[in-house]
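One-letter residues, chain by chain:
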Amino acid sequence: FGKLVLNHYVMSFGMYWAHRSLHDIQFLWKHIHSIHHYAKHPLSRNTYEDHWFDNFLNAFVGHVFAQILVPLDRPTFWFSRIFRILESLEKHSGVSCGFNLAHSAQQWLPFAQ
């Protein structure tokens, strides 16, 4: 269980910095990440509406580095991947309160996404 948590944190840490670069680097924002932010309000249905490079960057920096640094066996990796998808859907649900578990956990995980 500890390895799964550590892998998830390493993945989230990498994804935070990848996501931040998509906001901070003007070219990446204008041509890649702004597509994801077209909606005025976040909704689960537009969680994965983005440029292919946006998805690739997050997957590579997040999942690949996490798997290299804290490797998981195949079943645990897929559990982690499905959990991350559900977490992303929850974060984009438009709900920011104690009922949103992923949003609430962020305060305890610095530089995690």
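First, a word on scope: everything that follows refers to the structure included in this document. Since we're looking at a predicted model, the values are computed, not measured. The residue numbering used here restarts from 1 in each chain and proceeds along that chain's sequence as written. At least 70 in pLDDT is required for a residue's local features to be given in this predicted model, at least 80 for side-chain atom pairs to be given and counted, and no such filter applies to totals for whole chains, interfaces and linings, which use all residues. To get the side-chain values, take all heavy atoms of the structure and skip hydrogens and water.

### Here we look at the overall build of the protein chain
Counted only if it meets this: Each helix corresponds to a stretch of at least 4 residues labelled H or I by DSSP, and each strand to a stretch of at least 2 residues labelled E; elements are numbered beginning at the N terminus. The cut-offs for exposure are 20% and 50% of the maximum accessible area for each residue type, with area from a 1.4 Å probe on protein chains only; residues under the lower value are buried, those over the upper are exposed, and the others partly exposed. Should any heavy atoms of two residues lie within 4.5 Å, those residues are counted as being in contact.
Of the regular secondary structure elements, the protein chain holds 5 helices and 0 strands. For the protein chain, the succession of helices and strands along the chain, N to C, is α-α-α-α-α. Across the 113 residues that make up the protein chain, the buried fraction comes to 30%. Sequence separation of 24 or more characterises 58% of the internal contacts of the protein chain that already satisfy a separation of 6 or more.

### Remarks on the side chain of H33
What counts is decided by this rule: Whenever two N or O atoms come within 3.5 Å, that pair is a polar contact, provided that in protein one can donate a hydrogen and the other can accept it, and provided that, for residues adjacent in sequence, both atoms are side-chain atoms.
Inspection of the secondary structure puts H33 in the loop between α2 (26-31) and α3 (52-69). Under the relative-accessibility criterion, H33 is labelled buried at 1%. Of note is the side chain of H33, whose polar atom sits 2.6 Å from the side chain of D54. For H33, the contacting residues outside a window of four places in its chain are H19, L22, H23, L28 and D54.

### Side note on helix α1 (residues 2-24)
Operational definition: Multiplying one less than the number of residues by 1.5 Å gives the expected span of a helix.
Here α1 contains 23 residues, and its C-alpha end-to-end distance of 33 Å stays within 8% of the 33 Å for a straight helix at 1.5 Å per residue. Taken residue by residue, α1 has L4, N7, H8, V10, M11, S12, G14, M15, A18, S21 and L22 as its buried positions.

These values are about where atoms sit, not about what they do.
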